[in-house]
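For reference, the chains in residue letters:
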Amino acid sequence: MNLPMSVPLPNLPLPTHTDRNSLRPVLDRIAATTVMYLQESNYFLADEATPLLAAYGAELGAASGLMPDFLNFTAETQAQKHSLTVDGELARMQKILRNSLNDRVQYWSFGPLSGKASAIYDHCPVLRPICQALGCPATLAGETSIVHVASLNPISAQIASVWISQELNLASGGDAPFVFTFFTNMRAWQVLMQQHFTA
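What counts and what doesn't
- Residues numbered from 1 in each chain as written.
- Predicted model: local features only at pLDDT ≥ 70, side-chain atom pairs only at ≥ 80, totals over all residues.
- Heavy atoms only, no water.
- Buried < 20%, exposed > 50% of the residue type's maximum accessible area, 1.4 Å probe, protein only.
- Helix = DSSP H or I, 4+ residues; strand = E, 2+ residues; numbered from the N terminus.
- Pairing = 2+ DSSP bridges.
- Right-handed = clockwise from strand over helix to strand, strands pointing away.
- Core = buried A, V, L, I, M, F, W, Y, C linked by side-chain atoms within 4.5 Å.
- Contact = heavy atoms within 4.5 Å.
- Expected span 1.5 Å × (residues − 1).
- Arc of directions from axis to C-beta.

## Details of the pairing of strand 3 (residues 146-151)
Okay, so step 1: Of all six residues in strand 3, five are buried; the element is thus mostly enclosed.
Okay, so step 2: Across three bridges, strand 2 (residues 138-140) lies against strand 3 in antiparallel orientation. By the bridge assignment, Ala138 is partnered in strand 3 with Val149.
Okay, so step 3: As paired strands, strand 3 and strand 4 (residues 178-183) are joined by six bridges and run parallel to one another. Considered in strand 4, the bridge of Ala150 is made with Phe182.
Okay, so step 4: With helix 7 (residues 154-171) bridging strand 3 and the parallel strand 4, this β-α-β connection has right-handed handedness.

Structural data, given as structure tokens:
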């Protein structure tokens, strides 16, 4: 059974504040939703999910800089169990999640996202802490009506795209942008995160 991703966080409205405490429930919900999809595809055994979510919650609580990405955290945890590299484990989970989302999030494999890294955050400053916490760098591609969002986790990318649309819609007085959502490999994601969120 697939959840309708048009409402990515059922029963949890997107917070109006973007401090760490306000964003934490969103990250917890992304983790739980990701686990649900991975369990439905038999990636996890029944008893693996609860301790993994608890360990991720502890990692979130201990993080002082960038908040850890759930899929990266899971890949690091699961790689040894499945005798794969972290990149191999990540690719395996991304494929499952993409199939669960009916290919609504595409794989970005052709260089950096188009557009200046800071343009969207200059245009709508509230998006910087949101995109940073969700691990979803975003760019304006040429103008404010086209946005590209990338993430390691297709679930995070889908949620970020909804949130970005909402914020840009408010900022522009109802002129909703086209948001294109992608997931990418570890190396490309790390480069994007550095370009977008380190000064």
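## Focus: the nonpolar core
Okay, so step 1: Ranked by internal contacts, the top residues of the largest apolar core, which has 52 residues, are Ile120, Leu127, Leu134, Ala138, Val147 and Ile164.
Okay, so step 2: No other element matches helix 1 (residues 20-40), which puts eight residues into this core.
Okay, so step 3: Excluding its chain neighbours within four sequence positions, the residues that come into contact with Leu134 are Val26, Leu27, Ile30, Asp69, Ser151, Ser156, Ile159, Ala160 and Trp163.

## Remarks on helix 4 (residues 86-100)
An α-helical turn contains 3.6 residues, so any two residues separated by three or four positions project in the same direction.
Okay, so step 1: The end-to-end C-alpha separation of helix 4 is 21 Å, in line with the 21 Å expected for 15 residues at 1.5 Å each.
Okay, so step 2: Inspection of helix 4 places Glu89, Leu90, Met93, Gln94, Ile96, Leu97 and Ser100 among the buried residues, and these make up the whole buried set. Within helix 4, the buried residues cover an arc of 165° as seen down the axis, which keeps them to one side.
Okay, so step 3: Check the buried side of helix 4 and you find it contacts helix 1, helix 3 (70-78), helix 7, strand 4 and helix 8 (186-197).

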